[in-house]
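One-letter residues, chain by chain:
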Amino acid sequence: MNSIDRSLEKIDLMKLLLFFMAFIVIIFSIIFLMIIPNVKEHRILQADYKRVLVHKTRVENLYLERESELTRLNTENTAVLQAFKHPFAQEEFLQYAGKFFTQVNLTQVTKTDYKKEFVEYELNVTSLLKTPTNFYNFLEGLNHYSSIVQADFPIHLESNGDRITSIFTIKVYDLNATQVHHEAK
């Protein structure tokens, strides 16, 4: 028995070289046919991703700016927002006006939908007062009234000796009336 391994002598180097070349050709064709087109597609998708990411970042920054602006406006205008939510009550308004006038009469002229968000009441106010400063204090106080009320021109002031008669129109914007109106439908 011979202890030397002669299995390597039986290998044909030409066949081995041909199989090796075929293996290399198959591997390179797989690389060129499958991997390289995917690399191109990956680059295109990566460029799209970066573009979309930049756009998303811009939109997020704009959103954060708007959100901080909304928060700031909400804190600055809390009283106005609460006034929009507060329903208008004629009795409450007459009591408020009674602080400035000796006699107040309030009659409703029209009621219209204002831009589908508010109901606008137009009310005529006839009142008696002692001094015109009470009237100006009343107008100034409307800025802090619990509902949105606007005094309209013309304002007619007429002196009757020791009393002044005033006749003017106010507009009341009531958000709650439209919500009740929409819920009824």
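Residues numbered from 1 in each chain as written. Predicted model: local features only at pLDDT ≥ 70, side-chain atom pairs only at ≥ 80, totals over all residues. Heavy atoms only, no water.

Regarding the confidence of the model for the protein
Summary statistics for the protein give a mean pLDDT of 75 and a share of 71% for residues scoring 70 or more. Within the protein, no element has a lower average pLDDT than helix α5 (residues 175–184), which sits at 48, and none a higher one than helix α1 (residues 13–76), at 90. When the criterion is pLDDT under 50, residues 177–185 qualifies, and its contacts beyond four places in sequence or with other chains add up to seven contacts. (pLDDT = per-residue confidence, 0-100. Helix = DSSP H or I, 4+ residues; strand = E, 2+ residues; numbered from the N terminus. Contact = heavy atoms within 4.5 Å.)

Section: the pattern of salt bridges
In total, this model carries four salt bridges according to the counting rule given. A salt bridge links glutamate 69 to arginine 66, with the shortest nitrogen-to-oxygen separation between them at 3.9 Å. On the criterion of helical spacing, the pair formed by glutamate 69 and arginine 66 is a turn pair, its members being three residues apart in helix α1. When the shortest N-O distance is used, the salt bridge between arginine 72 and glutamate 76 registers 3.0 Å. You can see arginine 72 and its partner glutamate 76 sitting in helix α1, four residues apart, about one turn around the helix. Assessed through its relative accessible area of 51%, glutamate 76 is described here as exposed. (Salt bridge = Lys/Arg side-chain N within 4 Å of Asp/Glu carboxyl O. Buried < 20%, exposed > 50% of the residue type's maximum accessible area, 1.4 Å probe, protein only.)

Some thoughts on a nonpolar patch on the surface
Among the surface-exposed residues, Met14, Leu17, Phe20, Met21, Phe23 and Ile27 lie close enough to one another that they form a single nonpolar patch of about 640 Å² accessible area. In this fold, phenylalanine 20 is placed in helix α1. (Patch = residues over 30% accessible without salt bridge, like charges linked within 9 Å, V, L, I, M, F, W, Y side chains within 5 Å. Areas by Shrake-Rupley, 256 points an atom, 1.4 Å probe, with all protein chains shown as cover.)

Quick notes on helix α3 (residues 90–97)
Within α3 the residues assigned to the buried category are Phe93, Tyr96 and Ala97. For α3, the angular spread of buried residues about the axis comes to 95°, placing them on one side. Turned more than 90 degrees off the buried face of α3, the exposed positions are Glu91 and Gln95. (Arc of directions from axis to C-beta.)

Side note on the nonpolar core
Counting 13 residues, the largest nonpolar core has Phe93, Tyr96, Phe101, Phe138, Leu142 and Val149 as the members making the most contacts within it. Those elements that provide at least two residues to this core are α3, α4 (132–141) and β4 (164–174). At three residues, the largest contribution of residues to this core is made by α3. Residue contacts for tyrosine 96: discarding those within four places in its chain leaves Phe138, Gly141, Leu142 and Tyr145. (Core = buried A, V, L, I, M, F, W, Y, C linked by side-chain atoms within 4.5 Å.)

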